[in-house]
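Examining the three-dimensional arrangement
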Amino acid sequence: MRTLIQNGTLVSPTDTFTADLLIEDEKIAAVGTNLHAVYGGKFDQTVDAKGKYVIPGGIDVHTHMDMPFGGTTSADDFESGTIAAAFGGTTTIVDFAIQPQSGPGQFGSLHQGLDIWHEKANGKAVIDYGFHMIVRNVNQDVLREMDQFVNKEGVTSFKLFTAYPGVFYVDDASIFRALRQTGANGGLICMHAENGPVIDVIIEEAKARGETAPAWHALTRPPRLEGEASHRVLALAEVAKVPLYIVHLSAAEALEEVRRARDRGVRAYAETCPQYLYLDHRNYEEPGFAGSKYVMSPPLRMPGNDEHLWRGLQLDDLQCISTDHCPFCMKEKRLGEGDFSKIPNGAPGVETRLYLTYQGVRAGRITLNRWVQLNSAAPAKLFGLQGRKGTLAPGADADVVIWDPEKKHTISAKSHHSKADYSPYEGREVTGAASHVYSRGKLVIDGGSYVGKKGAGQFLKRGTTLA
Ligand code: URP
Ligand code: ZN
Ligand code: ZN
């Protein structure tokens, strides 16, 4: 099966050039000029991409499909969530499997958690997917399992939390042990960095005063406590002499700590998410219970914070853009009506990442090449997919997006593909959209219509990071 994409403007992290791209079966076979003649016109399909960008498919390394959380389960399963991703030009997700817990102090193995996630995704995902593993209890068996995950299972990154005491929180000694283990096995620790125990005290104080509104979710999670936890975990990584990746970085205070650690020579990496670039604290003040739509952790920050994040993206203090896609419907959000601390944390985002961040290109905040790097090439490199994903080089998987830079549309829950019944960006007009999306050479989105196949997505055994 041969598909020729002709006359597109190919975009890599370094170059923008006009060329043809040949897909043969599941792989990119050639990039060059005049491929129609070179290959004697023998193609099953030709697509004219004149005036469009041809980019490597987006890689979203932070999603939560079908995840039990906050007394409910995230609204998208691996089918609806990956269809939404594909519509938005994303062809790979890395989702978070969770070490199971059956009661206080009673934890299952990492392998049990991984089996559960394979079951959730297998036969459902329409694009390729990998897993990180959330570790909530570190002991000798778990440390051994971490080695097996890296060496055998293709799960080479682990998320630990300084937040959510009683749910995901682990202490500093556990984090340090896990860091040391990755020093030996080549894995990467990803940290949710907020000081959970102190946040819980502030929540308790707010509730005792009778505060109930969604805005209190943010007001009880001060940015300094994201900065403090970031500083701490970066210092632990420095002493352990290993790289560290901070997930969903939201606050300027945390970014400052990443920058300082990098200046000291720590292999510190971090992602931010579109919600921290395009929404802010004022969203919590929307009338009635609407502020609950934006309840996520870390929370949206005060207006002006986004400027620091854009600067971080420009200067490579932030290396990736992910989404933290963790959608809940309003019925679930209402579990926290009358008690902001019971609002399930998370919001949809997997479909809108490229749309939103492309507005940053249009506004001159990041270059087109940097956009490709942040959304595709850098996540591939940091998460062990280099050479296969995140590149248009011959030999790579044919995960290719034809991006129409002039297509205008309005983001809305009425037209999005997540099962979430609201969009945090409702009514926002954007320019630029994926017109064709190929996953390993198969068309998934054709001119804005879904033509993919449930279960076509494959599990990606990832290698270790190049960090
Ligand atoms: O609010 C969020 N971020 N929900 C998902 C869980 C997490 O911490 O990433
Ligand atoms: Zn998190
Ligand atoms: Zn998350």
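Up top is the structure.
Predicted model, so just to flag it, every value in this text is computed and none were measured. (Residues numbered from 1 in each chain as written. Chains lettered and ligands numbered in written order. Predicted model: local features only at pLDDT ≥ 70, side-chain atom pairs only at ≥ 80, totals over all residues. Heavy atoms only, no water.)

Now for the overall build of the protein chain. Within the protein chain, the regular secondary structure consists of 14 helices and 21 strands. Relative to a compact globule of 467 residues, whose C-alpha radius of gyration would be 23 Å, the protein chain shows 21 Å and is just as compact. Dimensions of the protein chain, computed from the C-alpha atoms along their principal axes, are close to 75 × 50 × 40 Å. Burial analysis of the protein chain (467 residues in total) assigns 62% to the buried set. Once local pairs closer than 6 in sequence are excluded, the contacts in the protein chain between residues at least 24 apart make up 74%. For the protein chain, the centre of its 50 positive side-chain charges and the centre of its 55 negative side-chain charges are spaced 2 Å apart. (Helix = DSSP H or I, 4+ residues; strand = E, 2+ residues; numbered from the N terminus. Rg over C-alpha atoms; globule rule 2.2 N^0.38 Å. Buried < 20%, exposed > 50% of the residue type's maximum accessible area, 1.4 Å probe, protein only. Contact = heavy atoms within 4.5 Å. Lys, Arg positive; Asp, Glu negative; His and termini not counted. Charge placed at Lys NZ, Arg CZ, Asp CG, Glu CD.)

A separate point is the coordination of the zinc ion (ligand 2). Around the zinc ion (ligand 2), the protein supplies Lys-159 (NZ), His-192 (ND1) and His-248 (NE2) as donor atoms, at distances of 2.1 to 2.2 Å. Going along the chain, you hit the donors of the zinc ion (ligand 2) in the pattern K-x32-H-x55-H. For the pair the zinc ion (ligand 2) and the zinc ion (ligand 3), the metal-to-metal distance amounts to 3.9 Å. Of this pair, Lys-159 sits in strand β13 (residues 157-161) while His-248 sits in the loop between β15 (244-246) and α9 (252-263), and the two are 89 residues apart along the sequence. The two residues Lys-159 and His-248 agree in class, both being buried. (Donors = N, O, S within 2.8 Å, 3.2 Å for Na, K, Ca; no water.)

Another point: the packing of aromatic side chains. Evaluation of the coordinates by the stated rule reveals 17 aromatic pairs. Between Tyr-129 and Phe-131 the ring centres are 5.6 Å apart and the planes differ by 50°, which places this aromatic pair in the tilted class. Look at Phe-161 and Phe-168: their rings are 4.6 Å apart centre to centre, the planes differ by 20°, and that puts the pair in the stacked class. Each member of the pair, Phe-161 as well as Phe-168, carries the same accessibility label: buried. A connected cluster of aromatic rings, assembled from ring pairs, spans Phe-69, Phe-161, Tyr-164 and Phe-168. Across the ring face of Trp-117, the terminal group of Lys-120 is positioned such that the distance to the ring centre comes to 4.7 Å. Just above the ring of Phe-96 sits the side chain of Lys-159; from NZ or CZ to the centre is 5.1 Å. (Phe/Tyr/Trp six-rings, centres within 6.5 Å; stacked < 30°, edge-to-face > 60°. Lys NZ or Arg CZ within 6 Å of the ring centre and 35° of its normal.)

Around ligand 1, the surrounding shell holds 14 residues, and the nearest of these are Lys-159, Tyr-164, His-192, Ser-297 and Asp-324. One of the backbone N or O atoms of Gly-346 is found 3.5 Å from an oxygen atom in ligand 1. Relative to its unbound accessible surface of 260 Å², ligand 1 loses 100% to contact with the protein. (Near = heavy atom within 4 Å. Polar contact = N/O pair within 3.5 Å; in protein donor to acceptor, adjacent residues only side chain to side chain. Areas by Shrake-Rupley, 256 points an atom, 1.4 Å probe, with all protein chains shown as cover.)

Moving on to the coordination of the zinc ion (ligand 3). For the zinc ion (ligand 3), the protein coordination sphere consists of His-62 (NE2), His-64 (NE2) and Asp-324 (OD), at 2.0 to 2.1 Å. Around the zinc ion (ligand 3) sit four donor atoms; with metal-centred angles ranging over 88 to 134°, the donor geometry is tetrahedral. Sequence positions of the residues that donate to the zinc ion (ligand 3) give the spacing H-x1-H-x259-D. (Tetrahedral: all angles 85-135°; square planar, octahedral: opposite > 155°, others 65-115°.)

You can see Thr-63 is positioned in strand β6 (residues 58-63). Note on Thr-63: relative accessible area 0%, which makes it buried. Beyond its immediate sequence surroundings of up to four residues, Thr-63 is in contact with Ile-93, Val-94, Asp-95, Phe-96, Thr-323, His-325 and Val-350.

What follows covers the nonpolar core. In this structure, Leu-160, Trp-371 and Trp-403 are the most contacted members of the largest nonpolar core, which totals 115 residues. Core analysis: the second largest hydrophobic core is formed by 16 residues, Ala-396, Ala-398, Ile-402 and Leu-443 among them. (Core = buried A, V, L, I, M, F, W, Y, C linked by side-chain atoms within 4.5 Å.)

Turning our eyes to something else, we now look at the state of the cysteines. Tallying each qualifying case throughout the model produces zero disulfides. Cys-190 supplies the cysteine sulfur nearest to Cys-320, a cysteine that is in no disulfide, at a spacing of 9.7 Å. Cys-273 supplies the cysteine sulfur nearest to Cys-326, a cysteine that is in no disulfide, at a spacing of 11 Å. (Disulfide = S-S within 2.5 Å.)

This part covers α9. Its twelve residues give α9 an end-to-end C-alpha distance of 16 Å, which sits within 8% of 16 Å, the value for a rise of 1.5 Å per residue. Within α9 the residues assigned to the buried category are Ala-252, Ala-254, Leu-255, Glu-257, Val-258 and Ala-261. Buried residues belonging to α9 abut α8 (223-240), β15, β16 (268-272) and α11 (305-315). The first or second residue beyond α9 is Gly-265, which carries a positive phi of 100°. (Expected span 1.5 Å × (residues − 1).)

A few words on the pairing of strand β2 (residues 16-24). Moving residue by residue along a regular strand, the side chains alternate between the two faces of the sheet. Sheet topology note: the strand β1 (residues 2-11)/β2 ladder contains eight bridges and is antiparallel. Opposite Thr-9, over in β2, you have Thr-18 as the bridge partner. Between β1 and the antiparallel strand that follows it, β2, lie four residues. Relative to strand β3 (residues 27-32), β2 runs antiparallel, the two being bridged by five bridges. Looking across to β3, one finds that Ile-23 is bridged to Ile-28. What sits between the antiparallel neighbours β2 and β3 is a turn of two residues, in which Asp-25 has the positive phi angle 50°. (Pairing = 2+ DSSP bridges.)

Within the fold, Gly-113 resides in helix α3 (residues 110-121). Classification of Gly-113 by relative accessible area gives buried; the value is 0%. Every residue in contact with Gly-113, bar those within four places of it in the chain, is listed here: Ala-97, Ile-98, Pro-100 and Met-133.

Applying the stated criterion across every chain yields a total of 30 salt bridges. The structure contains a network of salt bridges with shared partners spanning Glu-26, Lys-27, Asp-128, Lys-389, Asp-397, Asp-399 and Arg-440. (Salt bridge = Lys/Arg side-chain N within 4 Å of Asp/Glu carboxyl O.)

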